[in-house]
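Structure assessment
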Amino acid sequence: MSFTRLLSRAALVSKVGSRSIFQSSKVDISKPNWIRVGLAFGSTAFLWGLLFKQNSADLHEYRVRNGLE
Amino acid sequence: MLFLPEEAKDLPPPSLFNMNSVWLAFSSGLASMYSNAINHKPPLKSGVHRLVLMTTIGWYVGYHVTKIENYHFAKVDRDMKEYIKLHPDDFVAKDKKTFAEIVERFIPIR
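Residues numbered from 1 in each chain as written. Chains lettered and ligands numbered in written order. Predicted model: local features only at pLDDT ≥ 70, side-chain atom pairs only at ≥ 80, totals over all residues. Heavy atoms only, no water.

Brief notes about the overall build of chain A
In plain terms, the rule: Put simply, DSSP marks the helices as runs of H or I at least four residues long and the strands as runs of E at least two long, and each gets a number from the N terminus on. The buried label applies to any residue whose accessible area, calculated with a 1.4 Å probe on protein chains only, is under 20% of its type's maximum; exposed applies above 50%, and partly exposed to all values in between. To measure how exposed things are, a 1.4 Å probe is used in the Shrake-Rupley method; for residues, cover is taken only from the protein chains shown.
For chain A, the count of helices and strands is two helices and zero strands. Counting the 69 residues in chain A, one finds 13% classified as buried. When the accessible surface of chain A is split by element, carbon and sulfur atoms take 63% of a total near 5,800 Å².

As structure tokens, then:
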């Protein structure tokens, strides 16, 4: 990904009329892509929930199989 | 999700806080910080959502890796015990002598 960044900077320097196919505009870091941020945090919460559920399911299964419940 | 057979469920599941999780989460977090640094962004202050996501993925994968590891070692231990039970002649216990019986009496020569 940083390789494409290097290539896009070269396009800015060369000042020809064509645009780079990799990026049509420079990345504006002051305006975050909220959809991507929301998806990242959402999938984080989802994965933690999955982990806790899996752990409690495994614990329950272990107890049932060994007759401790 | 698991690459484990059914009998692996007889084993107690690993604690949520286990070393594989910690290490993989730490290295995934470090990887996201490195990728920030390579793109000339402040490593910790930018892309917190990426850092958190990578850390979580590392922790999750580490938990399953620990489960696979526990099953593997439990299987190896069980096979070893079975072998010892089937070949008792190879595993005779030696008579133990205490040090007092082996060592000669101490006579200081000064």
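Right, picking up where we left off after that structure.
What to know about the packing of helix α1 (residues 19-38) of chain B against helix α2 (residues 48-86) of chain B
Residue and element names in this part refer to chain B. For clarity, the cut-off: Angles here are taken between N-to-C directions and fall from 0 to 180 degrees, while the axes themselves are lines fitted to C-alpha atoms, restricted in helices to the stretch in contact. An angle below 35 degrees is read as roughly parallel, one above 145 as roughly antiparallel, one from 65 to 115 as roughly perpendicular, and any other as oblique. Rotating anticlockwise by less than a right angle from the far helix to the near helix defines a left-handed crossing, while the corresponding clockwise rotation defines a right-handed one. The contact definition used throughout considers only heavy atoms, calling two residues in contact when any of these lie within 4.5 Å. Here the nonpolar group is Ala, Val, Leu, Ile, Met, Phe, Trp, Tyr, Cys and Pro; Asp, Glu, Lys and Arg are the charged ones; every other residue, Gly included, is treated as polar.
Packing of α1 against α2 brings their axes to within 7 Å, and their N-to-C directions diverge by 150°. In terms of axis orientation, α1 runs roughly antiparallel to α2. α2 is crossed by α1, and the crossing has right-handed handedness. Counted together, Asn20, Ser21, Val22, Leu24, Ala25, Ser28, Gly29, Ser32, Met33 and Asn36 of α1 and Arg50, Leu51, Met54, Thr55, Gly58, Trp59, Val61, Gly62, Tyr63, Val65, Thr66 and Glu69 of α2 form the full contact between these two elements. For the contact of α1 with α2, the residue count by class is 10 nonpolar, 10 polar and two charged.

Some points on the packing of aromatic side chains
All names here are of chain B. Put simply, the rule reads: A pair of aromatic rings is counted whenever rings of Phe, Tyr or Trp (Trp by its six-membered ring) have centres within 6.5 Å, and the orientation is called stacked for planes under 30 degrees apart, edge-to-face for over 60 and tilted otherwise.
Applying the stated rule across the entire model yields five aromatic pairs over all chains. Pairing Phe17 with Trp59 gives two aromatic rings, centres 6.0 Å apart and planes at 50°, and the pair type is tilted. Placement of the pair is Phe17 in the segment before α1 and Trp59 in helix α2, with a sequence separation of 42 residues. Under the relative-accessibility criterion, Phe17 is labelled exposed at 59%.

Thoughts on the interface of chain A and chain B
This is how the line gets drawn: We define buried area as the total accessible area lost by two parts upon association, computed with a 1.4 Å probe and summed across both. What counts as a salt bridge is simple: a side-chain nitrogen of Lys or Arg found within 4 Å of a carboxyl oxygen of Asp or Glu. A 3.5 Å cut-off defines polar contacts: any pair of N or O atoms within that distance qualifies, except that in protein one atom must be a possible hydrogen donor and the other a possible acceptor, and neighbouring residues in sequence count only when both atoms are side-chain atoms.
Of the residues lining the interface, 21 residues belong to chain A; the matching set on chain B comes to 22 residues. Of the roughly 2,000 Å² buried between chain A and chain B, counting both surfaces, carbon and sulfur atoms make up 68%. Our count for the chain A to chain B interface comes out at three salt bridges. A salt bridge links Asp58 of chain A to Lys67 of chain B, with the nearest nitrogen and oxygen atoms 2.4 Å apart. The interface formed by chain A and chain B holds seven residue pairs in polar contact (both at pLDDT 80 or more) in total. Counting residues per element, the side of chain A that touches chain B draws most heavily on helix α2 (residues 34-65) of chain A, at 18 residues. For the side of chain A that touches chain B, the per-class residue count stands at 10 nonpolar, six polar and five charged.

Description of the pattern of salt bridges
Scanning all chains against the criterion turns up six salt bridges over all chains. One network of salt bridges, in which partners are shared, links Glu61 and Arg65 of chain A together with Glu6, Lys9 and Asp10 of chain B.

Side note on the UniProt feature "transmembrane region" (unreviewed entry) in chain A
Put simply, the rule reads: UniProt positions are given in the numbering used here, feature names are shortened, and annotations may be inferred rather than shown by experiment.
Here the UniProt-annotated "transmembrane region" (unreviewed entry) positions come out as residues 34-52 of chain A. The span residues 34-52 of chain A is 100% helical and 0% strand by assignment, and the distance between its end C-alpha atoms comes to 27 Å.

Observations concerning the side chain of Asn55 of chain A
For Asn55 of chain A, the position within the fold is in helix α2. We classify Asn55 of chain A as buried; its relative accessible area is 14%. Setting aside its immediate chain neighbours within four residues, Asn55 of chain A contacts Pro13, Pro14, Leu16 and Tyr63 of chain B.

A few points about α2 of chain A
Convention followed: Given a helix with a known number of residues, its expected span is that number minus one, times 1.5 Å.
An ideal rise of 1.5 Å per residue puts 46 Å on 32 residues; α2 of chain A measures up with 46 Å between its terminal C-alpha atoms. Listing the buried residues of α2 of chain A in full gives Val37, Ala40, Thr44, Leu47, Leu51, Asn55 and Asp58 of chain A. On its buried face, α2 of chain A is in contact with α2 of chain B. Gly67 of chain A sits one or two residues past α2 of chain A and shows a positive phi near 70°.

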